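Descriptive analysis of the structure
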Amino acid sequence: MRRITGKAKDETLIELQSATDLQAGDESSGNGVSSQSERGTLPGHTETDKLQPNKDTVFFRDGVRRIDFVLSYVDDKDGEKKQERRREFEANLEKAGLELETDDKSDSKDQKTYFLKIHAPWDVLATYADVLKIKVPFKESDIPHGQGWSVDIPLEWLSHPFRLPDHIMRPQPDYFTYPFDKNKTDFFLITDKDTFFPPSTRNRIVFYILARCPYYKEGRKDKDKTGIKRLLSNGTYTAAFPLHDCRYWKRARNAECESERYNLYKHWARFLCFYKEQPLNLIRKYYGEKIGIYFAWLGFYTEMLFFAAVMGLICFTYGVLSYDDNISSKEICDANIGGSIVMCPLCDKKCPFWKLNSTCLSSWQSHLFDNEGTVFFAIFMGIWVTLFLEFWKRRQARLEYEWDLVDFEEEQQQLQIRPEFEIRCTNRRLNKITQEMEPYLPITSKCARFCLSGATVIFWISLIVACIIGVIAYRLAVYAAFASIIKDPMRKIQLVGRFITPQLATSVTASCINFVIIMILNFFYERVAIWITDMEIPKTHLEYENRLTMKMFLFQFVNYYSSCFYVAFFKGKFVGYPGEYSYMFGKLRNEECDPGGCLIELTTQLVIVMVGKQLWGNIQEALLPLIRNWWSSRKGRHHPENHFSRWEQDHVLQNFSQLGLFYEYLEMVVQFGFITLFVASFPLAPLLALFNNILEIRVDAWKFTTQFRRPVASKARNIGAWQEILNAVAILSVVTNAFIMAFTSDMIPRMVYFYAYSKGAGMRGYVNNSLSVYNISQIKELHMPEERDNWLDNSTATCRYRDYRYPPGHLSEYKHTMQFWHILAAKMAFIIIMEHVVFVVKFFVAWMIPDVPSDVKARIKRERYLIQEYLHNYEVEKLKLQLSASFITEPQSEMSSMTDKHEVLSECL
């Protein structure tokens, strides 16, 4: 193919522009620009509508060859070196069979960017489709889609408002597919070679070539000088991307363009469509299976969240409705009960003695989340997470069948070797399966890289733990300061003290500081994780993503959840008692829980981190691409006379990186951890997640459709390593919720008191029973407050603290009572019973629900059988034609023997 440049390009452009202008009936000047049409646009048309018809296109200047990929570059100070690289690279692309066309910088809006357009002709597409084993249609499916596939739903008309038009949901008919074979082109349904391979397949093939094409001179073998990724990293090219098929707000002018981007925006990306189903088949067709499977998973996760959100709302409503039945809170707030109980100082020197009724508000707040319904909800979520994972496997199996991904895993492992692995691994060995020489990484180098990688991961996790310890130290140090600032409400000095207690102020500020630290550490570790994964040199793209996934999730797990684990399982558990307090670093006294329990503090921590992460994530996802695109395209608005081509419009958009989808998964899986690991402390967490995900789907859709360049289509059979991570989180969530209910919630002590110690009085007297007595005269001077309150008279000889210990003067003074051991035994029994019940139900449900629906299995077997039958008939017909041709050319003397052979062979076949 001759590349069109220079004078020839200008002449061709003038001819095509003149022809287009004449056809449009415009009064144009010699360069094809109509000043009259610029000044007088039609009513209702935007400025972008004034694009020249031959500019806003996805075809070469000849209007026939489709643009499958675009590269851009600029001239700079290292122009000669980069120009030499480009010359060699483009020459090798032409040798590979690709056709190129260059737009001069004088034609671009910034007057400095060159655009290299790439077209893959039929021979190249057919060759690499054969190499990559791309499945293509050979016969329209004759299996009825409704038979055994969907069940008639009563009142089906109720779902009509949520449905999309059939041509959007199913943009193409169902076909039988088979891996493409270049030698059997007549077997496949090829009506038009230009449209046989869809644009997503075409850009995938071209990117495969670009990623492996060298740019070293002929005769040299510099293996590191290979691939478009290195050319982008060293600045030889500034961008590489496939084109969107049209503007997102308007259909393409060319009838040959699919306008799928417009359909996606209209029916999927607008927020007003939040209640509509997602056009998964169209997403898959336009963006590829990997992005399609993400949105299928996100949509299914959101659907399942609806049931968890409804149940959580019911449990929270139960807490609100049983508000007046909360006898414990009434006793705490009662002036004669809670107002007469003097509590021991919660910190040294700065903290005064205080009255129990000062925690009246927090005790009522605790009841909203810590009630009988919470136990039921924790068990429900253990079963819900199993149903979610099992039903997702079934949904995934359907998508695998519909999207021709059933046998994809082995092909991906064998064929999708990373170019970086091929370049950096100079050693070669024989593959026992393919019997071909392939690159490999020596075991010594692999072990060294893994050791360095593991040490780096351990270092960063240790850094997170150190930051969490620092936050804990802050909590311990600042509590005394808040205690001295926020006065006791009984003194009526500051009204704010009624609503903000030292515990609440400490918890909120510590949670905010912890959230800021999380965001900062995330920023650094994302880059570290990518660096150490690159250093390991994984062989395949799948292996690369799985390793990066495990590192990032391990880091995020420790980063996001460690503070919640501290509040849930450590705070208030190692305090000691007034005579023998426990200290951190020998100076800072360990925190105590509020008399209402630590559950409300865990709820506060969870809400701040979870909601803060979701808000920050939505700001990053929505505003940052918008601001960046506005900044990169601001010059165009000052020059309305410029006419932007399709590649220029896409060039100013944000690049969707190879790890872009990874961060989307990571965000959702971290959220999944919040609503499962600690959901017993906050039943409204699934409801918040549901609202966030409804917005998330449309924000992601809007972002993909309007703010990002079109990603290179890639395949994925499932959600990869995320499936195993979700399974691990699901199992861990049963354990964490059981421990939260046993040790963080006040449920078990209340139940033990009600059934064993109340003596028929119900919950009356529980508050007094749960507080131990200590003699003030025995408190060490170190622990005594600096100022003695006026209301604390000399008759007050004892103070109370949260524990089950014998009172002063008892034979076992200040040692744990039998009630303490009864409660501990009840807690352990509850953990064992809850875990066993939930795990038995989980495994029973998993056993009852097959991963692959029976009708999908039957259809897969049926399709394989029909494919074999069609292949057999094709080979027979082909052989008959060959034999017939041979029969015609054979001499007459051999005619009879040839006929006999033909009949025998036909019978055998």
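Residues numbered from 1 in each chain as written. Predicted model: local features only at pLDDT ≥ 70, side-chain atom pairs only at ≥ 80, totals over all residues. Heavy atoms only, no water.

**What about the packing of aromatic side chains?**
The full count for this structure, using the stated rule, is 72 aromatic pairs. Centroid distance Phe-176 to Tyr-870: 6.0 Å. Interplanar angle 45 degrees. Geometry classified as tilted. Here Phe-176 is found in strand S5 (residues 175–179), whereas its partner Tyr-870 is found in helix H29 (residues 854–889), with 694 residues between them in sequence. Positioned above the aromatic ring of Phe-523, the side-chain terminus of Arg-527 is 3.9 Å from the ring centre. One Lys or Arg, Arg-589, reaches over the ring of Tyr-581 and ends 3.5 Å from the middle of that ring. (Phe/Tyr/Trp six-rings, centres within 6.5 Å; stacked < 30°, edge-to-face > 60°. Helix = DSSP H or I, 4+ residues; strand = E, 2+ residues; numbered from the N terminus. Lys NZ or Arg CZ within 6 Å of the ring centre and 35° of its normal.)

**As for the pattern of salt bridges**
Scanning all chains against the criterion turns up 30 salt bridges. Residue Lys-393 is joined to Glu-390 by a salt bridge in which the shortest nitrogen-to-oxygen separation is 3.5 Å. Taken as a pair, Lys-393 and Glu-390 lie in helix H14 (residues 372–402) at a separation of three residues, close to a single helical turn. For the salt bridge of Glu-543 with Arg-547, the shortest nitrogen-to-oxygen distance reads 2.4 Å. (Salt bridge = Lys/Arg side-chain N within 4 Å of Asp/Glu carboxyl O.)

**Let's talk about the state of the cysteines**
Inspection of every chain in the model, using the stated rule, returns two disulfides. Between Cys-344 and Cys-799 runs a disulfide, and the two sulfur atoms are separated by 1.9 Å. Residues Cys-344 and Cys-799 are joined by a disulfide whose S-S torsion is about 85 degrees; by sign, that bridge is right-handed. Of the two residues, Cys-344 is situated in the loop between strand S7 (342–343) and strand S8 (354–355) and Cys-799 in strand S16 (residues 798–802); the sequence distance between them amounts to 455 residues. The exposure class of Cys-799 is buried, given its relative accessible area of 0%. (Disulfide = S-S within 2.5 Å. Buried < 20%, exposed > 50% of the residue type's maximum accessible area, 1.4 Å probe, protein only.)

**Overview of the side chain of Asp-803**
Checked against the element boundaries, Asp-803 lands in the loop between S16 and helix H28 (818–848). Accessibility expressed as a relative area gives 13% for Asp-803, which makes it buried. Side chain to side chain, Asp-803 and Arg-805 meet in a polar contact 2.8 Å long. With near-sequence residues (within four places) excluded, Asp-803 lies in contact with Gly-576, Ser-770, Leu-771, Ser-772, His-816 and Phe-820. (Polar contact = N/O pair within 3.5 Å; in protein donor to acceptor, adjacent residues only side chain to side chain. Contact = heavy atoms within 4.5 Å.)

**With respect to the nonpolar core**
In terms of nonpolar packing, the biggest core is built from 128 residues, with Trp-297, Tyr-301, Trp-384, Phe-388 and Trp-722 touching the most fellow members. Looking at this core, the element that brings in the most residues is helix H11 (residues 289–321), giving 16 residues. In contact with Trp-297, not counting residues within four places along its chain, are Phe-388, Trp-392, Tyr-665, Met-668, Ile-719 and Leu-726. Residues Phe-69, Leu-71, Tyr-215 and Ile-860 belong to the second largest nonpolar core, which totals 47 residues. (Core = buried A, V, L, I, M, F, W, Y, C linked by side-chain atoms within 4.5 Å.)

**Notes on the environment of Val-206**
The residue Val-206 is located in helix H7 (residues 199–212) in this model. Taking C-alpha positions, Val-206 is 8.3 Å from Leu-125, a pair spaced 81 residues apart along the chain. Non-local contacts of Val-206, meaning those with residues more than four positions away in its chain, are made with Asp-68, Phe-69, Ile-118 and Ala-120.

**Considering the sheet that holds strand S6 (residues 239–241)**
Pairing within the open sheet is antiparallel, and its four strands lie in the order S2-S3-S1-S6. This sheet does not close on itself; its edge strands, each paired only once, are strand S2 (99–103) and S6. Neighbour-to-neighbour, the strand axes of the sheet open up by a mean angle of 20 degrees, direction not taken into account. Bridge count for strand S1 (residues 69–74) against strand S3 (residues 113–119) is six bridges, and the pairing is antiparallel. Along S3, the bridge assignment pairs Leu-71 with Leu-116. Sitting on the sheet, helix H3 (residues 79–95) is in contact with S1, S2 and S3, with an inclination near 165 degrees to S1. Sitting on the sheet, H7 is in contact with S1 and S3, with an inclination near 45 degrees to S1. (Pairing = 2+ DSSP bridges. Axes fitted to C-alpha atoms, helices over the stretch in contact; angles between N-to-C directions.)

**Let's talk about the environment of Asn-281**
Considering the arrangement of structural elements, one finds Asn-281 in helix H10 (residues 280–287). Sequence-wise, Asn-281 and Leu-399 are 118 residues apart; in three dimensions their C-alpha atoms are separated by 9.4 Å. Residues within four places of Asn-281 in sequence aside, it is in contact with Met-169, Arg-170, Pro-171, Glu-402 and Trp-403. In terms of polar contacts, Asn-281 uses its side chain to reach the backbone carbonyl oxygen of Met-169, at 2.9 Å.

**Describing the packing of H11 against helix H13 (residues 360–369)**
At a minimum axis distance of 7 Å, the contact between H11 and H13 shows a crossing angle of 140 degrees. Considering the angle they form, H11 stands oblique to H13. Counted together, Phe-316, Gly-319 and Val-320 of H11 and His-367, Leu-368 and Phe-369 of H13 form the full contact between these two elements. Of the residues contributing to the contact of H11 with H13, the split by class is four nonpolar, two polar and no charged. (Parallel < 35°, antiparallel > 145°, perpendicular 65-115°, else oblique. Nonpolar A, V, L, I, M, F, W, Y, C, P; charged D, E, K, R; others polar.)

**Overview of H7**
With 14 residues, H7 should reach 20 Å at 1.5 Å per residue; the first-to-last C-alpha distance of 20 Å fits that figure. Here H7 lies mainly inside the structure; 12 of its 14 residues are buried. Buried within H7 are the following residues: Pro-199, Ser-200, Thr-201, Arg-202, Asn-203, Arg-204, Ile-205, Val-206, Tyr-208, Ile-209, Leu-210 and Ala-211. (Expected span 1.5 Å × (residues − 1).)

**Concerning the confidence of the model for the chain**
When pLDDT is averaged along the chain, the result is 80, and 83% of the positions lie at 70 or above. Throughout residues 146–153 the model reports pLDDT below 50, and contacts reaching past four residues in sequence, or to other chains, amount to eight contacts. Low pLDDT, under 50, characterises residues 904–909; the stretch is placed with six contacts to residues that sit more than four places away or in other chains. (pLDDT = per-residue confidence, 0-100.)

**Looking at the pairing of S2**
Consecutive residues of a regular strand have side chains that alternate between opposite faces of the sheet. Within S2, five of the five residues are buried, which leaves the element mostly enclosed by the surrounding structure. Residues Glu-99, Glu-101 and Asp-103 point to one face of S2 and Leu-100 and Thr-102 to the other, with burial holding for every one of them. As judged from the five bridges shared by S2 and S3, these two strands associate in the antiparallel manner. Considered in S3, the bridge of Glu-101 is made with Lys-117.

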